[in-house]
Amino acid sequence: MDLSDTSAAVTLISGAVILTGVIGVLLPILPGLLLTWSGVLLWAIFGGGSGSARLLVAVIATLIAGAGLVVKFVWPGKKLKDTGIPAPSVAVGGILGLIGFFVVPVVGLVLGFILGVWLMELRRLGSERAWPSTRAAIAAVGLSLLVELASALLIAVLWLFGLAFS
């Protein structure tokens, strides 16, 4: 691959951004789905090959990213509501997760979230029912992560097909 060729350089940079996005879904430091979509958009605007194929890939990637973002919040939110976990418990978990992220990098986010939800549910429900409620919140957050990961991987695979057929 000749890097003096603009389309090859754009493809390489786009691939790096897409890969960083997919990894960013798993590491909550980076906006993974947004990066994955941005990499495809970069390739669609500045890449080489068929313009119509790049446009089609960009449109489909945008639809997948949009749907992924909506489903990422709606589906787990519905599960949380169905299990009866109130929004303040999740909010305190999020705040302690953010604090934990800076106190204990990377794993502090998860630990802080779990601790925050558990403390709120302990206060609200008592010691016997706090942990099952906290597990339900953890499962909802895990579902959110899986939806985002599936969307990012689908966009990455779509980009690879776009590379092959443009």
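The sections below set out a description of the structure shown in this document. (Residues numbered from 1 in each chain as written. Predicted model: local features only at pLDDT ≥ 70, side-chain atom pairs only at ≥ 80, totals over all residues. Heavy atoms only, no water.)

## Quick look at the overall build of the protein
Now for step 1: Per the secondary structure count, the protein includes 6 helices and 0 strands.
Now for step 2: The order of α-helices and β-strands along the protein, N terminus first, is α-α-α-α-α-α.
Now for step 3: Compactness check: the protein gives a C-alpha radius of gyration of 20 Å against a globular reference of 15 Å for 166 residues, more than 25% above the reference.
Now for step 4: Structurally, the protein occupies a C-alpha span of about 65 × 30 × 15 Å along its principal axes.
Now for step 5: Evaluated residue by residue, the protein yields a buried proportion of 36% over its 166 residues. (Helix = DSSP H or I, 4+ residues; strand = E, 2+ residues; numbered from the N terminus. Rg over C-alpha atoms; globule rule 2.2 N^0.38 Å. Buried < 20%, exposed > 50% of the residue type's maximum accessible area, 1.4 Å probe, protein only.)

## Let's talk about the packing of aromatic side chains
Now for step 1: With the rule as written, the count across this model stands at 2 aromatic pairs.
Now for step 2: Seen in terms of ring centroids, Phe161 and Phe165 are 6.2 Å apart; in terms of plane orientation they differ by 5 degrees. Their pairing is stacked. Note that Phe161 and Phe165 are positioned in helix α6 (residues 127–165) at a spacing of 4 residues, about one turn of the helix. (Phe/Tyr/Trp six-rings, centres within 6.5 Å; stacked < 30°, edge-to-face > 60°.)

## A look at the layout of surface pockets
Now for step 1: Put simply, the largest pocket is a space of about 830 Å³.
Now for step 2: Taken together, 30 residues form the lining of the largest pocket, with Lys72, Leu109, Val141, Ser144 and Leu145 sitting closest to its centre.
Now for step 3: Elements with a contribution of two residues or more to the lining of the largest pocket: α1 (6–26), α2 (32–46), α3 (51–83), α4 (87–103), α5 (107–125) and α6.
Now for step 4: Residues belonging to the lining of the largest pocket are distributed by class as follows: 21 nonpolar, 7 polar and 2 charged. (1 Å grid on protein atoms, 1.4 Å probe; cavity = no way out; pocket = protein on both sides within 12 Å on 5 of 7 lines; lining within 4 Å. Points joined across faces, edges and corners; volume = space filled by probe spheres on them. Nonpolar A, V, L, I, M, F, W, Y, C, P; charged D, E, K, R; others polar.)

## Some thoughts on the packing of α1 against α2
Now for step 1: For the pair α1 and α2, the least separation of the axes is 6 Å and the interaxial angle reads 165 degrees. In terms of axis orientation, α1 runs roughly antiparallel to α2. Of the two possible hands of crossing, α1 and α2 adopt the one that is left-handed. Every residue of α2 that contacts α1 at Val10, Thr11, Ile13, Ser14, Val17, Ile18, Thr20, Gly21, Val22, Gly24 and Val25 is listed here: Gly32, Leu33, Leu35, Thr36, Gly39, Val40, Leu42, Trp43 and Phe46.
Now for step 2: Among the residues making up the contact of α1 with α2, the classes are represented as 12 nonpolar, 8 polar and no charged. (Axes fitted to C-alpha atoms, helices over the stretch in contact; angles between N-to-C directions. Parallel < 35°, antiparallel > 145°, perpendicular 65-115°, else oblique. Left-handed = near helix turned anticlockwise from the far one by under 90°. Contact = heavy atoms within 4.5 Å.)

## Concerning the pattern of salt bridges
Now for step 1: For the structure on display, the rule yields 3 salt bridges.
Now for step 2: The residue Asp82 makes a salt bridge to Lys78 at a minimum N-O spacing of 3.1 Å. Here the residue Asp82 and the residue Lys78 both occupy positions in helix α3, the gap between them amounting to 4 residues, near one helical turn.
Now for step 3: Of the charged contacts in the structure, one is a salt bridge between Glu121 and Arg124, with a shortest N-O distance of 2.7 Å. (Salt bridge = Lys/Arg side-chain N within 4 Å of Asp/Glu carboxyl O.)

## Looking at the packing of α3 against α6
Now for step 1: Orientation of α3 relative to α6, taken along the N-to-C sense of each, is 170 degrees, at an axis distance of 9 Å. One way to sum up the angle between α3 and α6 is to call them roughly antiparallel.

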